Amino acid sequence: MLYCDLLHVDLEQHILAKYLMDLSIVDYDMVHFPPSKITAAASCLSLKLKGHKWIPTLQYMSYTERDLPAVTQHIAKNVILVNEGITQHAVRISWCRQGVCVIKCQ
């Protein structure tokens, strides 16, 4: 993920951003968002969840933090739905099987 390379994030943040993107793959409500915007929103949300701020360096990729709330909200909704066991079981099971310690699988 180019965004993660530009942000110089650690492995944990990188994996979290990938997980957040995976959740959006099976969400039909997100098909109208460009993949680059989903990647940017997942990276932004990963940063925020880990207590960091959006880095303006990424603006040259055409997205600012203000461009991402709708996508970020969809991704956050997906996290809640997965945690409540309502949807996206395949993605959750896949990540649990991989033994990724960043994502808590209950």
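Remember, it's a predicted structure, so these values are computed and weren't measured experimentally.

Colleague: Where do I start with the packing of helix 2 (residues 11–25) against helix 4 (residues 69–83) in this structure?
Modeller: The description of two helices packed together rests on the angle between their axes and the distance between the axes. Where helix 2 contacts helix 4, the two axes come as close as 9 Å, and the packing angle between them is 85 degrees. The pairing of helix 2 with helix 4 is recorded here as roughly perpendicular in orientation. Residues Y19, L20, L23 and S24 of helix 2 form the contact with helix 4, whose own contacting residues are I75, N78, V79 and V82. A breakdown of the residues in the contact of helix 2 with helix 4 according to their chemical character gives 6 nonpolar, 2 polar and no charged.

Colleague: Sorry, what's going on with the environment of E12 here?
Modeller: One can find E12 in helix 2. With a relative accessible area of 35%, E12 lands in the partly exposed category. Counting along the chain gives 38 residues from E12 to K50, while the straight-line C-alpha distance between them is 9.3 Å.

Colleague: What exactly am I supposed to notice about the confidence of the model for the protein chain here?
Modeller: Detailed reading of the predicted coordinates is not advisable wherever pLDDT is low. Looking at the protein chain, pLDDT values average 76 and 66% of them are 70 or higher. Taken element by element, the protein chain is modelled with least confidence in helix 1 (residues 2–7), mean pLDDT 56, and with most confidence in helix 4, mean pLDDT 89.

Colleague: Could you clarify how one ought to interpret the nonpolar core in this entry?
Modeller: As a rule of thumb, nonpolar side chains are buried together in soluble globular proteins. In terms of nonpolar packing, the biggest core is built from 20 residues, with L20, M30, I38, W54, L68, V71 and I75 touching the most fellow members. Where this core is concerned, the elements lending two or more residues are helix 2, helix 3 (35–49) and helix 4. The element contributing the most residues to this core is helix 3, with 7 residues. Setting aside anything within four residues of it in sequence, one finds V71 in contact with M30, F33, K37, I38 and A41.

Criteria and thresholds
Residues numbered from 1 in each chain as written. Predicted model: local features only at pLDDT ≥ 70, side-chain atom pairs only at ≥ 80, totals over all residues. Heavy atoms only, no water. Axes fitted to C-alpha atoms, helices over the stretch in contact; angles between N-to-C directions. Helix = DSSP H or I, 4+ residues; strand = E, 2+ residues; numbered from the N terminus. Parallel < 35°, antiparallel > 145°, perpendicular 65-115°, else oblique. Contact = heavy atoms within 4.5 Å. Nonpolar A, V, L, I, M, F, W, Y, C, P; charged D, E, K, R; others polar. Buried < 20%, exposed > 50% of the residue type's maximum accessible area, 1.4 Å probe, protein only. pLDDT = per-residue confidence, 0-100. Core = buried A, V, L, I, M, F, W, Y, C linked by side-chain atoms within 4.5 Å.

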